[in-house]
Amino acid sequence: YNDNISRPFRETNYMPEVFVSYRPGLALGGGWQWNLLNAGFNHQSNGRTDTISRSWNRLFAEAGVERGDFAVLAKAWYRIKEDADKDDNPDITDYYGYGSLTAIYKWRDHDFSMMARGNINQGKGAAQFSWMSPKLIGPIRGYVQAFTGYGESMIDYNWNQTTIGAGIAINDE
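The structure displayed is predicted, hence computed values, not measured ones. (Residues numbered from 1 in each chain as written. Predicted model: local features only at pLDDT ≥ 70, side-chain atom pairs only at ≥ 80, totals over all residues. Heavy atoms only, no water.)

A. How the structure looks around the overall build of the protein. Counting secondary structure elements, the protein contains one helix and 10 strands. Starting at the N terminus and ending at the C terminus, the protein contains elements arranged as β-β-β-β-β-α-β-β-β-β-β. Burial statistics for the protein: of 173 residues in total, 33% are counted as buried. Sequence-distant contacts, at least 24 apart, represent 42% of the contacts inside the protein between residues at least 6 apart. Accessible surface, the protein: about 10900 Å² in total, of which carbon and sulfur atoms supply 58%. (Helix = DSSP H or I, 4+ residues; strand = E, 2+ residues; numbered from the N terminus. Buried < 20%, exposed > 50% of the residue type's maximum accessible area, 1.4 Å probe, protein only. Contact = heavy atoms within 4.5 Å. Areas by Shrake-Rupley, 256 points an atom, 1.4 Å probe, with all protein chains shown as cover.)

Written as structure tokens, this is what we have:
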């Protein structure tokens, strides 16, 4: 939180998307089940104008496998090129890379997740760890998140930082 530039939010990011989802339901052996296959398009932006505008469009594919209370999601994307004079962040894939890997573990109504993404050729990327508590009141759960690397928000896509945040989430599962 920075009192000079945040009252109370420095930036909000948006990511509308259109996708198709399929549940293969295939046993892969060793107790692993392939239960997720997504493909689609998303637009991510900070909704700002001029010099602080950040946006990009991507095509993506995602697959997920699970075994008991553990799941792994792999997501790959392709950035749709923009005209050079209209591109807010032509080097964004140097920092965000071309995909992400997320692991999720459920234990006694707690949810733990770890995400990693980046561009190995550029030596840049990010990792995020999240914990969500069991339900506190109705669907309300506590939430803690730690992030390190590039691109926690669109405005900071090319800035390396480490942050920790806490809050509440409305989640009935």
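B. Region of the structure containing the side chain of Ser133. With respect to the helices and strands, Ser133 occurs in strand E8 (residues 124-137). Residue classification places Ser133 among the buried positions, given a relative accessible area of 5%. In this structure the side chain of Ser133 is engaged in a polar contact, spanning 2.7 Å, whose partner is the backbone nitrogen of Gly142. Excluding residues within four positions of it along the chain, Ser133 makes contact with Asp109, His110, Arg141 and Gly142. (Polar contact = N/O pair within 3.5 Å; in protein donor to acceptor, adjacent residues only side chain to side chain.)

C. Looking closely at the pairing of strand E5 (residues 70-79). Side chains Ala71, Leu73, Lys75, Trp77 and Arg79 of E5 all project onto a buried face; the interleaved residues Phe70, Val72, Ala74, Ala76 and Tyr78 project onto a face where none is buried. Connecting strand E4 (residues 55-67) to the next strand, E5, in antiparallel fashion are two residues, including Gly68 with a positive phi near 60°. Relative to strand E6 (residues 99-107), E5 runs antiparallel, the two sharing seven bridges. In the sheet register, Leu73 faces E6, and the bridge partner there is Thr102. (Pairing = 2+ DSSP bridges.)

D. Broad picture of the pattern of salt bridges. Taken as a whole and assessed by the stated rule, the structure comprises four salt bridges. The closest approach of N and O atoms between Arg79 and Asp87, which form a salt bridge, is 2.7 Å. Within this structure, Arg79, Glu82 and Asp87 form a network of salt bridges that share partners. (Salt bridge = Lys/Arg side-chain N within 4 Å of Asp/Glu carboxyl O.)

E. Structural context of the environment of Gln122. One can find Gln122 in the loop between strand E7 (110-119) and E8. Residue classification places Gln122 among the partly exposed residues on the basis of a relative accessible area of 38%. Residues Gln122 and Gly97, 25 residues apart in the sequence, show an inter-C-alpha distance of 8.7 Å.

F. How the structure looks around the nonpolar core. Trp56, Phe60, Trp77, Ile92, Tyr95, Tyr96, Tyr150, Met154 and Tyr157 together form the largest nonpolar core, which totals nine residues. Mapped by element, the contributors of at least two residues to this core are E4 and helix H1 (92-96). Of all the elements, H1 adds the most residues to this core, at three residues. (Core = buried A, V, L, I, M, F, W, Y, C linked by side-chain atoms within 4.5 Å.)

G. View of the packing of aromatic side chains. Per the stated rule, a full pass over the model turns up seven aromatic pairs. Consider the rings of Tyr95 and Tyr157, whose centres lie 5.6 Å apart with planes at 85°: the pair is edge-to-face. Placement of Tyr95 in helix H1 and of Tyr157 in the loop between strand E9 (140-150) and strand E10 (160-170) is noted, with a sequence separation of 62 residues between them. An aromatic cluster of three or more residues is present, and its members are Trp56, Trp77 and Tyr96. Here the basic side chain of Arg58 rests over the ring of Trp77, its NZ or CZ set 4.7 Å away from the ring centre. Positioned above the aromatic ring of Phe60, the side-chain terminus of Lys75 is 4.5 Å from the ring centre. (Phe/Tyr/Trp six-rings, centres within 6.5 Å; stacked < 30°, edge-to-face > 60°. Lys NZ or Arg CZ within 6 Å of the ring centre and 35° of its normal.)

H. Broad picture of the pairing of E4. In the sheet, strand E3 (residues 32-45) pairs with E4 via 12 bridges, with the strands oriented antiparallel. Bridge pairing links Gln44 to Trp56 in E4. In this structure, E4 lies alongside E5, joined through 10 bridges in antiparallel fashion. Note on E5: the bridge partner recorded for Arg58 is Arg79.

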